[in-house]
Amino acid sequence: MILDGKTLSLKIQENLKAVVHPLRRPPKLVVILVGEDPASLLYVEMKTKACKNVGISGELLKFPSDISQERLLDEIAVLNADMGVDGILVQLPLPEHIDTAVILESIDPTKDVDGFHPLNVGKIQCGVDGFSPATPLGVMALLDEYTIDVKGKNVAIIGASNIVGKPLFSLMLNAGATVSLCHILTQDIALYTKQADIVCVGVGKPNLITADMIKQDAVVIDIGINRLDSGVVVGDVDFEAVSKKASFITPVPGGVGPMTIASLLRNTLKAYYINNPKGDE
């Protein structure tokens, strides 16, 4: 069965629209974009479009690629102090002369809708309510929609990034799964995937996961996104072969990607309530 993230994302957005509409003021998300990276610009446009769709105020602040780190920190400080701003998102990657860790740590944790601030990272690891990164949150929401319970299941996560792999590991662990986290130094990925009830992969390598690497009726979550020379967009899974063996599988595109957007909108509404506890009155 196909795990249809596109349809679920639209359903979530419709639900959010009904919640946002009667609020005293619309929640506000500010997205910071440094430079003119085409992929980053596309992602930002998708986010601001989704905000508009549900009634969230989405603002884009664009800065040249040669902006100083100090100037960027000053801009974030202004947004932190602005009571009318609920969520702050810095589109990654940043230019090499800017320390990404310093920038992310400068964001008010209660406005950190990307869930990258160390305080929010620690909260998720400890099972305490905080902001989870949107992509792992989207994966969990997709599994929940299709009543795929991870409790007691063996889960293999391929890719240990701070954005996807590590936070997804924490969310799965908190939900009661037994989790293996594979990375670039893992010698035999198949050793873990063949034993897994659920396989999640997001490393940016087409056809990394093949049918012989998963067991019959496994659930396969493809978080990867790759554009081939032909222009076709694919994930990290050999979809045609693996889909014949898996019980559930996400397509690319149309799987986890749309859920990332939906989860970001959910986080923005959550930030609104945190920063405006009486804002809905």
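Not measured: the values here are computed from a predicted model. (Residues numbered from 1 in each chain as written. Predicted model: local features only at pLDDT ≥ 70, side-chain atom pairs only at ≥ 80, totals over all residues. Heavy atoms only, no water.)

A. Looking closely at the pairing of strand E7 (residues 219-222). Burial of E7 is two-sided: the residues Val219 and Ile221 facing one way and the residues Val220 and Asp222 facing the other way are all buried. Both strand E6 (residues 198-201) and E7 contribute to a ladder of 4 bridges, which runs parallel. Across the sheet, Val199 pairs through a bridge with Val220, a residue of E7. As paired strands, E7 and strand E10 (residues 248-249) are joined by 2 bridges and run parallel to one another. In the sheet register, Val220 faces E10, and the bridge partner there is Ile249. (Buried < 20%, exposed > 50% of the residue type's maximum accessible area, 1.4 Å probe, protein only. Helix = DSSP H or I, 4+ residues; strand = E, 2+ residues; numbered from the N terminus. Pairing = 2+ DSSP bridges.)

B. Quick look at the sheet that holds strand E1 (residues 28-34). Taken in spatial order, the 3 strands of this open sheet run E2-E1-E3, and their pairing is parallel. Single-partner strands in this sheet number two, and they are strand E2 (57-63) and strand E3 (87-90). Recorded for the sheet is a direction-independent mean angle of 20° between the axes of neighbouring strands. As paired strands, E1 and E3 are joined by 4 bridges and run parallel to one another. Considered in E3, the bridge of Ile32 is made with Val90. (Axes fitted to C-alpha atoms, helices over the stretch in contact; angles between N-to-C directions.)

C. Focus on the layout of surface pockets. Its volume calculated, the largest pocket comes out at about 1600 Å³. Broken down by secondary-structure element, the contributors of at least two residues to the lining of the largest pocket are helix H1 (5-20), helix H2 (38-54), E3, helix H6 (134-145), strand E8 (226-227) and helix H10 (256-275). Here the lining of the largest pocket gets 9 residues from one element, more than from any other, and that element is H2. Considering only residue class, the lining of the largest pocket consists of 26 nonpolar, 15 polar and 6 charged. If you add up the space inside the second largest pocket, you get close to 400 Å³. What lines the second largest pocket is a set of 19 residues, among which Leu104, Phe116, Val121, Asn162 and Ile163 lie closest to the centre. (1 Å grid on protein atoms, 1.4 Å probe; cavity = no way out; pocket = protein on both sides within 12 Å on 5 of 7 lines; lining within 4 Å. Points joined across faces, edges and corners; volume = space filled by probe spheres on them. Nonpolar A, V, L, I, M, F, W, Y, C, P; charged D, E, K, R; others polar.)

D. Structural view of the domain arrangement of the chain. As assigned here, the chain comprises domain 1 (25-108) and domain 2 (134-258). If you average the C-alpha positions of domain 1 and of domain 2, the two centres end up 28 Å apart. (Domains from an automatic or database assignment.)

E. Focus on the UniProt feature "binding site: NADP(+)" (unreviewed entry) in the chain. When the UniProt feature table is mapped onto this chain, "binding site: NADP(+)" (unreviewed entry) is found at Gly159, Ala160, Ser161, Ile184 and Ile225. Lining the largest pocket, from the residues named above, are Ser161 and Ile225. Apart from the residues within four sequence positions on either side, Ala160 is in contact with Gly165, Lys166, Leu181, Cys182 and His183. Note that Ile225 resides in the loop between E7 and E8. Those residues in contact with Ile225 that lie beyond four places of it in its chain are Tyr43, Val233, Val234, Gly235 and Asp236. (UniProt positions renumbered as here; feature names shortened; annotations may be inferred. Contact = heavy atoms within 4.5 Å.)

F. Summary view of the nonpolar core. Met172, Cys200 and Ile221 are the most contacted members of the largest nonpolar core, which has 49 residues in total. When residues in this core are grouped by element, the largest group, 9 residues, is from H10. Two domains each provide a minimum of three residues to this core, namely domain 1 (25-108) and domain 2 (134-258). The contacts of Met172, once residues within four sequence positions are left out, are Met140, Leu143, Val150, Val155, Ile157, Ala177, Val179 and Cys200. (Core = buried A, V, L, I, M, F, W, Y, C linked by side-chain atoms within 4.5 Å.)

G. Geometry of the packing of H6 against H10. Close contact between H6 and H10 brings their axes to 7 Å; oriented N to C, the two are set at 105°. Relative to H10, H6 is oriented roughly perpendicular. Facing Ala134, Thr135, Leu137, Gly138, Val139, Ala141 and Leu142 of H6, the residues of H10 in contact are Val256, Met259, Thr260, Ser263, Leu264, Arg266 and Asn267. Considered class by class, the residues forming the contact of H6 with H10 number 8 nonpolar, 5 polar and 1 charged. (Parallel < 35°, antiparallel > 145°, perpendicular 65-115°, else oblique.)

H. Main features of unusual backbone geometry. The omega angle of the peptide bond from Leu92 to Pro93 is 5°, so this bond is cis rather than trans. For Pro93, the location among the structural elements is in the loop between E3 and helix H4 (100-106). A cis geometry characterises the amide bond from Val252 onward to Pro253, with omega recorded as 0°. Relative to the assigned elements, Pro253 resides in the loop between E10 and H10. Positioned with a positive phi, Asn207 is a non-glycine residue whose angle comes to about 60°. You can see Asn207 is positioned in the loop between E6 and E7.

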